[in-house]
Amino acid sequence: MLNSWEEYFMMKWWGWGDPNKSFPIEDKPNLWPWIKKTISISENKKIAEPVKREDIKLSPVNISEDFLSEIKQILKNDQISTTEDDRLLHSYGKSYADLFYVRKGIVKKSPDIILYPLSHDEVENIIKIANTHNVCVIPFGGGTNIVGGVDPRDQTVTEKGPRCIVTLDMCLMNKLISIDPQSQTAVIQAGVLGPKLEKDLSEKGWALGHFPDSFEYSTLGGWLATRSAGMQSDAYGKIEDMLVSLKMVTPSGTIITRTTPASSAGPDINRLIVGSEGILGVITEATMRIHRTPAAKDYRGYLFPNFEKGVEAIRECVDKNWIPSMIRFQDEGETQLAFNLKSPKKGIESIVQKQLKKILSVTGYARPCIMVVGFEGDDKQVQIIANEATKILKKHRAFSLGKGIGKTWSKDKFNIPYLRDYIMDYGVMTDVAETAAVWSKLINVHKKTIEEMNKYFKSHGDGTGYIGCHISHTYKTGACLYFTYAAKQIIGKEIEQYYGYKKIITDTFMKNGATLTHHHAVGYEHSPWMESEISSTGLKALKGIKNTLDPKNILNPGKVF
Ligand code: FAD
């Protein structure tokens, strides 16, 4: 029964993904020297490796015995856990701050009990009992969020002391319940991890098509609760666009929406639930729009002379409706990183590459930017869209890099998250920040963000830092900008440094008309900016809904606002 629980347990407590897997740095001999040079790391020894597991002390347990004895009547013993390993793994997500702390052996607060429900009815009973005993409940998918979304943060102290905190790990609710082929929908339990979901669907000839970079370790419920975006969002939309209906258990009862293609029955409650980050209820099941497994896939790479040219090319593809299923357009900074991620060419290939570089630099590609585009669908559709989109890209001076780069990108796409673990060992601070802006503001948001961060790098630490960006999701009205940055850790002030960067970058997004977050959600890390994002009245409306559905504030307290 505990198959997926055991699989889940294989994720590193101190980093990303499979403990037996690390970033394949040996295939990329240029990468570490380039990082060292870019952010002035002079030493070549590991200075910040994780402590040993046994050196981590968790907060004392605070169990509500009345709650637990009622829970034991509805769940089996192996669905209830209070072990130290289990509490540790549910104490935080995967942000830089989460990993920085745990690698040092610091875990501020752990949940007291972890429960593993198997069905919607069990979740309903758990929430009822928790509400009766004023016990906090944190819904937990894969724990991959990077905004502090699953951390125990309840500040409430009752006359009996602080409240007991329970984490509801949804991993056993991982079944594909049914498929309606005529309507192209599937009913799916919320705790399913990405790979199992796509495998179950593909065995029947279908696909969901949601591939966030965290795909291997994140869940359908987590994607819905954070309004996630996957790599193929240009073809299939963000997760909210794929949602047809759902069930969510709240302390005030269960919300069930209808499986219909569209509706005008008042405000859209599905859209209220997506992005609710576990503060309104527990999503147990969702009906999702699916599509047939694509017969043809075509991935290729292009080089643009600069960022602006590539943005114009994407905008024209979107405008004319010749939109690739996937676009990843890297600015100058990220292109340098991509070049250094490549295995070096040997022999004749390396000579050709050197010549090519020379030709490009004299023909105006001195600030080159790589674009990887993917086309998926049936053969004819792929051919037509690829031809038309390519014409537009070439009109904007795209230089073809062929299909090899597309293959390399596909092979490496789920390895990149492992790089953070590698560089953190050497005392490197690194983080990501994402936003979206309308086309008329996009270039300015990109430019200002790079400028502000570079200014900040100059005035902090040893004065160096790296920032790069890519465009990863496009819309008729604009696109998402995804920044990655890194600097040498300021020893003794690492967390101050992390929040310093976060403030600069987020303030810059907000000042220049972009959104607080395009897909990483709010958690507690982004909550200070929520009023600017949705206005004080908007915030009041959200708080009113929260208060109606969860009057005792037992669900994921301290998140979103
Ligand atoms: P968790 O982290 O477990 O939970 C996230 C939030 O959802 C919490 O508030 C939790 O309480 C709530 N929640 C979880 N399950 C439920 C449920 N069933 N009912 C109600 N609330 C629930 N995000 C993207 O969108 N696109 C990306 O490409 C992407 N890449 C990433 C790469 C890396 C390396 C990392 C570390 C993160 C990335 N993320 C990305 C962020 C993260 O993976 C997403 O936010 C993801 O949707 C979280 O899913 P999860 O199952 O891990 O949820």
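Every value quoted in this text rests on a predicted model; they were computed, and no experiment measured them.

Undergrad: Can you break down the overall build of the protein chain residue by residue, with the values?
TA: Helix and strand content of the protein chain: 21 helices and 20 strands. At 24 Å, the protein chain has a C-alpha radius of gyration in line with the 24 Å of a compact globule built from 561 residues. Here the C-alpha coordinates of the protein chain stretch approximately 75 × 60 × 45 Å along the principal axes. Out of the 561 residues belonging to the protein chain, those deemed buried represent 57%. Considering only contacts in the protein chain between residues 6 or more positions apart, those separated by 24 or more positions represent 79%.

Undergrad: Hey, could you go over the confidence of the model for the protein chain for me, with residue numbers and the actual values?
TA: Considering every residue of the protein chain, the mean pLDDT works out to 94; 96% of them sit at 70 or more. Predicted confidence is poor over residues 1-5, with pLDDT under 50, and the contacts of this stretch with residues over four places away or in other chains come to 14 contacts.

Undergrad: Give me the lowdown on the site of the ligand, citing residues and values where you can.
TA: Around the ligand, the structure places 35 residues, and the nearest of them are Pro139, Gly141, Thr144, Ser214 and Thr219. Glycine 143 places a main-chain nitrogen or oxygen 2.8 Å from an oxygen atom of the ligand. Sorting the residues of the shell around the ligand by element identifies strand S3 (136-140), helix H8 (220-226) and strand S12 (282-289) as the ones contributing at least two each. For the shell around the ligand, the per-class residue count stands at 14 nonpolar, 18 polar and 3 charged.

Undergrad: Quick rundown of the packing of aromatic side chains? Include the residues and the values.
TA: Given two aromatic rings, their pairing is described by the distance between the two centres and the angle made by the two planes. Counted by the stated rule, this structure contains 19 aromatic pairs. Plain terms: the ring middles of tyrosine 96 and tyrosine 498 are 5.5 Å apart, the flat faces sit at 35° to each other, and that makes the pair tilted. Placement of the pair is tyrosine 96 in helix H5 (residues 96-103) and tyrosine 498 in helix H19 (residues 494-511), with a sequence separation of 402 residues. Neither tyrosine 96 nor tyrosine 498 differs from the other in exposure class; each is buried. Their ring planes at 70° and their centres at 4.9 Å tell us that tyrosine 498 and tyrosine 499 sit as a pair that is edge-to-face. Taking the relative accessible area as the measure of exposure, tyrosine 499 reaches 32% and is therefore partly exposed. Here the aromatic residues Tyr96, Phe100, Tyr101, Tyr498 and Tyr499 are joined through ring pairs into a cluster of three or more. When the ring centre of tyrosine 524 is taken as origin, the NZ or CZ atom of arginine 153, which lies over that ring, is 3.4 Å away.

Undergrad: An account of the pairing of S12 is needed here, citing residue identities and associated values.
TA: S12 sits mainly inside the fold: 7 of its 8 residues count as buried. Relative to S12, strand S8 (residues 185-189) runs antiparallel, the two sharing 5 bridges. Among the inter-strand pairings, glutamine 189 is bridged to a residue of S12, identified as glutamate 285. Note that strand S10 (residues 243-250) and S12 share 6 bridges and pair antiparallel. Its bridge partner being in S12, leucine 246 is matched across the sheet by alanine 286.

Undergrad: Describe in detail the side chain of threonine 430, supporting the description with residues and values.
TA: Checked against the element boundaries, threonine 430 lands in strand S18 (residues 428-438). Of the residues examined, threonine 430 reaches a relative accessible area of 10% and is grouped as buried. Reaching out from threonine 430, the side chain makes a polar contact with the backbone oxygen of tyrosine 485 at a distance of 3.0 Å. Here threonine 430 is in contact with Tyr96, Arg420, Ile423, Thr484, Tyr485 and Ala486, once residues within four sequence places are set aside.

Undergrad: Break down the nonpolar core for me, with residues and values.
TA: In terms of nonpolar packing, the biggest core is built from 59 residues, with Phe329, Leu393, Ile471 and Tyr485 touching the most fellow members. With 7 residues, helix H18 (residues 439-459) is the single largest residue contributor to this core. When sequence neighbours within four positions are dropped, the list of residues in contact with phenylalanine 329 reads Phe304, Asn306, Phe307, Gly310, Val311, Ile314, Cys369, Ile370, Met371, Cys469, His470 and Ile471. Counting residues in hydrophobic clusters, the runner-up holds 47 residues, among them Leu220, Leu280, Leu303 and Ile405.

Undergrad: Requested: an account of the environment of phenylalanine 329, with residues and values cited.
TA: Here phenylalanine 329 is to be found in strand S15 (residues 326-330). Using a relative accessible area of 0% as the deciding quantity, one classes phenylalanine 329 as buried. Put simply, phenylalanine 329 and isoleucine 370 are 41 residues apart on the chain and 6.0 Å apart in space, counted from C-alpha to C-alpha.

Undergrad: Please give an account of the state of the cysteines that cites residues and values.
TA: Evaluation of the coordinates by the stated rule reveals 0 disulfides. Considering cysteine sulfurs only, cysteine 369 is the nearest to cysteine 317, which forms no disulfide, with 16 Å between them. Distance from the sulfur of cysteine 469, which forms no disulfide, to the nearest cysteine sulfur (cysteine 480) is 8.0 Å.

Undergrad: Requested: an account of the sheet that holds strand S1 (residues 80-81), with residues and values cited.
TA: Strand pairing in a sheet relies on backbone hydrogen bonds. The paired strands run either parallel or antiparallel. The strand order across the open sheet built from 4 strands is S1-S2-S6-S3, with neighbouring strands paired in mixed fashion. Sheet topology places S1 and S3 at the edges, where each strand pairs with a single neighbour. With 5 bridges connecting them, S3 and strand S6 (residues 165-169) associate as parallel partners. Within S6, the residue paired with isoleucine 138 across the bridge is threonine 167.

Undergrad: Break down the environment of threonine 449 for me, with residues and values.
TA: Structurally, threonine 449 can be placed in helix H18. Classification of threonine 449 by relative accessible area gives buried; the value is 1%. Each C-alpha atom, one on threonine 449 and one on cysteine 469, is 9.8 Å from the other, the two residues being 20 residues apart in sequence. Ignoring anything within four residues of it in the chain, the contact list for threonine 449 reads Phe483, Ile505, Thr508 and Phe509. A distance of 2.6 Å separates a polar side-chain atom of threonine 449 from the backbone oxygen of valine 445.

Thresholds applied
Residues numbered from 1 in each chain as written. Predicted model: local features only at pLDDT ≥ 70, side-chain atom pairs only at ≥ 80, totals over all residues. Heavy atoms only, no water. Helix = DSSP H or I, 4+ residues; strand = E, 2+ residues; numbered from the N terminus. Rg over C-alpha atoms; globule rule 2.2 N^0.38 Å. Buried < 20%, exposed > 50% of the residue type's maximum accessible area, 1.4 Å probe, protein only. Contact = heavy atoms within 4.5 Å. pLDDT = per-residue confidence, 0-100. Near = heavy atom within 4 Å. Polar contact = N/O pair within 3.5 Å; in protein donor to acceptor, adjacent residues only side chain to side chain. Nonpolar A, V, L, I, M, F, W, Y, C, P; charged D, E, K, R; others polar. Phe/Tyr/Trp six-rings, centres within 6.5 Å; stacked < 30°, edge-to-face > 60°. Lys NZ or Arg CZ within 6 Å of the ring centre and 35° of its normal. Pairing = 2+ DSSP bridges. Core = buried A, V, L, I, M, F, W, Y, C linked by side-chain atoms within 4.5 Å. Disulfide = S-S within 2.5 Å.

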